[in-house]
Amino acid sequence: MSIGNGAHWGPSGVQPVAVELRGVIKEYGSRQARVRALDGVSVAFPTGTWTAVMGPSGSGKSTLLHCAAGLEKVDAGQVLVAGANITNASAAELTALRRGRVGFVFQTFNLVSSLTAEQNVELPLKLAGARTSRREVRRVLEAVGLGDRTRHKPGELSGGQQQRVAIARAMVSRPAVLFADEPTGALDSKSARDVLALLETMVSGSGQTIVMVTHDPTVAASATTVVFLRDGQVVDSAIRPSAHEVAGRLARLEH
Ligand code: ADP
């Protein structure tokens, strides 16, 4: 993987910008039924910030997340992750990126039901062929408040606890960026608040970078910055808006 043009190295080797999209175009479908999901998106996600990506259904939120994380190739423009230009990265390079530099959290947790919390967290390390340290796995589970649930299987945990296992699994390889797709979408409001509080701690306490897609203004208002999409374009952004303000801007985009 090459180091992207214009990537800045901070004093400690950490880039001030964790992820950047420059003029990204992404289309789906064949010639007759072509859909332009991203239409010239330029956006930067600074290191140590938590960004919520919002917009009406079909505005390109998931596509943006997938392209930023190297899950999908872009048709034009550039994608830089942790200083590396991944635009033309090979499949093997993208796999290495996904295993080492980016973490994912999904609405549906995606845990392996037959494995304990500890084994689920260990799994990405094993898949990557990395040496697995039981102590490190325990440390991450303790950090998400599950130090006393390490031997429980997903079916023995609440939804909020399962999502915290999923966050621990994403964090165990110390990713430069954590991507979250509706991370609280399947949770009751108390569990959702707990998960959002955990994400907040990760950002303010450890300088983690988080990029999160949500359609919920209350969830978006937990983030540092909210970026609004419409028809595949970034049309607005707000820093620490209230849920009320987010809902108002979203309503304007939907009309
Ligand atoms: P959002 O997450 O905001 O709902 P998406 O990124 O899922 O929006 O979709 C943006 C546009 O791209 C929509 O018009 C959607 O139908 C289209 N799209 C997304 N994924 C695919 C796909 N795999 N094949 C064809 N069209 C797609």
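Structure shown above.
Here the structure is a predicted model, which means the values were calculated and not measured. (Residues numbered from 1 in each chain as written. Predicted model: local features only at pLDDT ≥ 70, side-chain atom pairs only at ≥ 80, totals over all residues. Heavy atoms only, no water.)

Time to look at the sheet that holds strand β7 (residues 102-106). Reading across the sheet, the six strands line up as β7-β8-β9-β4-β10-β11 and stay open at both edges, with mixed pairing between neighbours. Bordering the open sheet on either side are β7 and β11 (233-239), each of which pairs with just one other strand. In this sheet, neighbouring strand axes are inclined to one another by 20° on average, regardless of whether the strands run parallel or antiparallel. Both strand β4 (residues 50-54) and strand β10 (residues 225-230) contribute to a ladder of four bridges, which runs parallel. In the sheet register, M54 faces β10, and the bridge partner there is F228. In the packing of helix α5 (residues 159-171) onto the sheet, contacts are made with β7 and β8 (177-181), and the angle to β7 comes to roughly 165°. Sheet contacts for helix α8 (residues 243-253): β4, β10 and β11; angle to β10, the most-contacted strand, approximately 10°. (Pairing = 2+ DSSP bridges. Helix = DSSP H or I, 4+ residues; strand = E, 2+ residues; numbered from the N terminus. Axes fitted to C-alpha atoms, helices over the stretch in contact; angles between N-to-C directions. Contact = heavy atoms within 4.5 Å.)

As a further point, take the nonpolar core. Ranked by internal contacts, the top residues of the largest apolar core, which has 43 residues, are L141, I167 and L199. Looking at this core element by element, the count peaks at seven residues for helix α6 (residues 189-206). Ranked by size, the runner-up nonpolar core spans 30 residues in total, among them V19, L38, V53 and V177. (Core = buried A, V, L, I, M, F, W, Y, C linked by side-chain atoms within 4.5 Å. Buried < 20%, exposed > 50% of the residue type's maximum accessible area, 1.4 Å probe, protein only.)

Next up on the list: the pairing of β11. Examined bridge by bridge, β10 and β11 share six bridges and lie antiparallel to one another. Within β11, the position partnered with L229 by the bridge is V234. Here β10 hands over to β11 after two residues, with D231 in that stretch at a positive phi of 50°.

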